[in-house]
Structures are given as structure tokens and as C-alpha cells.
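# Observations on the three-dimensional arrangement
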Amino acid sequence: ILVGLLLVTQILSNFFTAVLPAYAKSNGSLSDISFFFVGSAVVGLVVRHFFPHIRQRIPVPRMLILAFFLYSFGVLSIQMWPTIVGYTVGAVGYGVANAVFMTAFYFVLMRKASPNQVTRISCLYLYGIDLGVILAGSIWSFVGVYTSTQVVFGVAVGLALACAWVLTRPKIRLAVS
């Protein structure tokens, strides 16, 4: 389950690099997407800096659920407002979500690792990230070619909300606690 959720978060995270440039170009806002990429990276750095303090106050399952909702909000804001405002709001939602996804999953995977397993688990974690990049390009391109932009955005939001729902299941919550 954890590996599957990690993979899905990577597919979701790479949605923006796979879809956003073409979407922005089609809306005449290609010059505005730099605000999204820079903004989401800066927000991600800030969240990662404060993650240890946040982790002490908010359980990991709750953080992940919130991250999936923020991700959805980021996607929807870009679809609704393909302007600098939408990209900036989207950057905040995505920046927080991605930082929580990456940091929380790494924490969950590593906390139960014995010293002998650290290297193996770290490599598997990075493997999952790379595989997510490969799958994201294929999935988002396929969905985009055979449907519409609205469907692509809808699939991203639906997938994120489905992951949030999965995290509400007691056995799953226990696995990521």
C-alpha cells in the first residue's frame, strides 16, 4: 500500500511538468508558469524546513490527507484561473502537498528500517520516484491525447481525492502512522 501511494504521489506530482507547459501555452499564459515552478519549489523548501515541528503536532496520515486536498486545490486553481493568480495559488497547494508527500513517505519508510535496510529502502524509495516520473509522462500524455484538458485535470483531482479516501481506511492509517 505504501509503495502504491508513493507511486501515485509521483504520478500526481509530475502532472505539472507533463501537462502545465502545454496547458499554459494553449491559454496564452506560458510566461506565467515560471511563478508556479519557482513558487512551488520555495514553498516546498519552507515546508521541509519546518516538517519536524509539524510532524510533532500533526499525525502523518492526517498530513497526507491534507496534502491530497491541497494538491487538488492547486490543480483546480490552475484550471479555473489560468493566470498568474491561478499559478501562484496552485504553486502553494502543490508546493505544500509535494513536500509533505515526499518527506512523510520517506519518514514512514525509514522509521521501521534497521541499519542494514537503510540503503535498500532508500534506493527503493528513489526507484519509486523515478518510476513515477516515467509513468506520469506516459499516463498524462495518453489521457491528454485521447480526451480533453478538462478530463486530464479531473483525473488528477479524482486520483488525489481517491488517495485521501484510501488514507481514511483504518488499516491504511495504521500502516502510515
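Residues numbered from 1 in each chain as written. Predicted model: local features only at pLDDT ≥ 70, side-chain atom pairs only at ≥ 80, totals over all residues. Heavy atoms only, no water.

### Quick word on the layout of surface pockets
To find the voids left in a structure, one rolls a probe of water-molecule size over its atoms. By volume, the largest pocket amounts to about 200 Å³. Lining the largest pocket, in full, are Val3, Leu6, Leu7, Leu109, Arg120, Ile121, Leu124, Tyr125, Tyr127, Gly128 and Leu131. Counting only elements with at least two residues in the lining of the largest pocket, the list comes to helix H1 (2-13) and helix H6 (118-146). Here the element with the most residues in the lining of the largest pocket is H6; it accounts for 7 residues. The residue inventory of the lining of the largest pocket, partitioned by class, reads 9 nonpolar, 1 polar and 1 charged. (1 Å grid on protein atoms, 1.4 Å probe; cavity = no way out; pocket = protein on both sides within 12 Å on 5 of 7 lines; lining within 4 Å. Points joined across faces, edges and corners; volume = space filled by probe spheres on them. Helix = DSSP H or I, 4+ residues; strand = E, 2+ residues; numbered from the N terminus. Nonpolar A, V, L, I, M, F, W, Y, C, P; charged D, E, K, R; others polar.)

### Concerning the packing of aromatic side chains
Counted by the stated rule, this structure contains 12 aromatic pairs. Taking the centre distance of 5.7 Å and the plane angle of 65° together, the rings of Phe16 and Tyr71 count as edge-to-face. Within this pair, whereas Phe16 is found in helix H2 (residues 15-26), its partner Tyr71 is found in helix H4 (residues 60-80), the two being separated by 55 residues in sequence. With respect to burial, Phe16 and Tyr71 carry one shared label: buried. When the ring of Phe16 is compared with that of Tyr94, the centres are 4.7 Å apart and the planes differ by 55°; the resulting orientation is tilted. With Phe16 in helix H2 and Tyr94 in helix H5 (residues 84-111), the pair connects residues that are 78 residues apart, well separated along the chain. Accessibility classification places Phe16 together with Tyr94 in one group, the buried group. A network of ring pairs unites the aromatic residues Phe15, Phe16, Tyr23, Phe36, Phe37, Tyr71, Tyr94, Trp140 and Phe153 as a single cluster. (Phe/Tyr/Trp six-rings, centres within 6.5 Å; stacked < 30°, edge-to-face > 60°. Buried < 20%, exposed > 50% of the residue type's maximum accessible area, 1.4 Å probe, protein only.)

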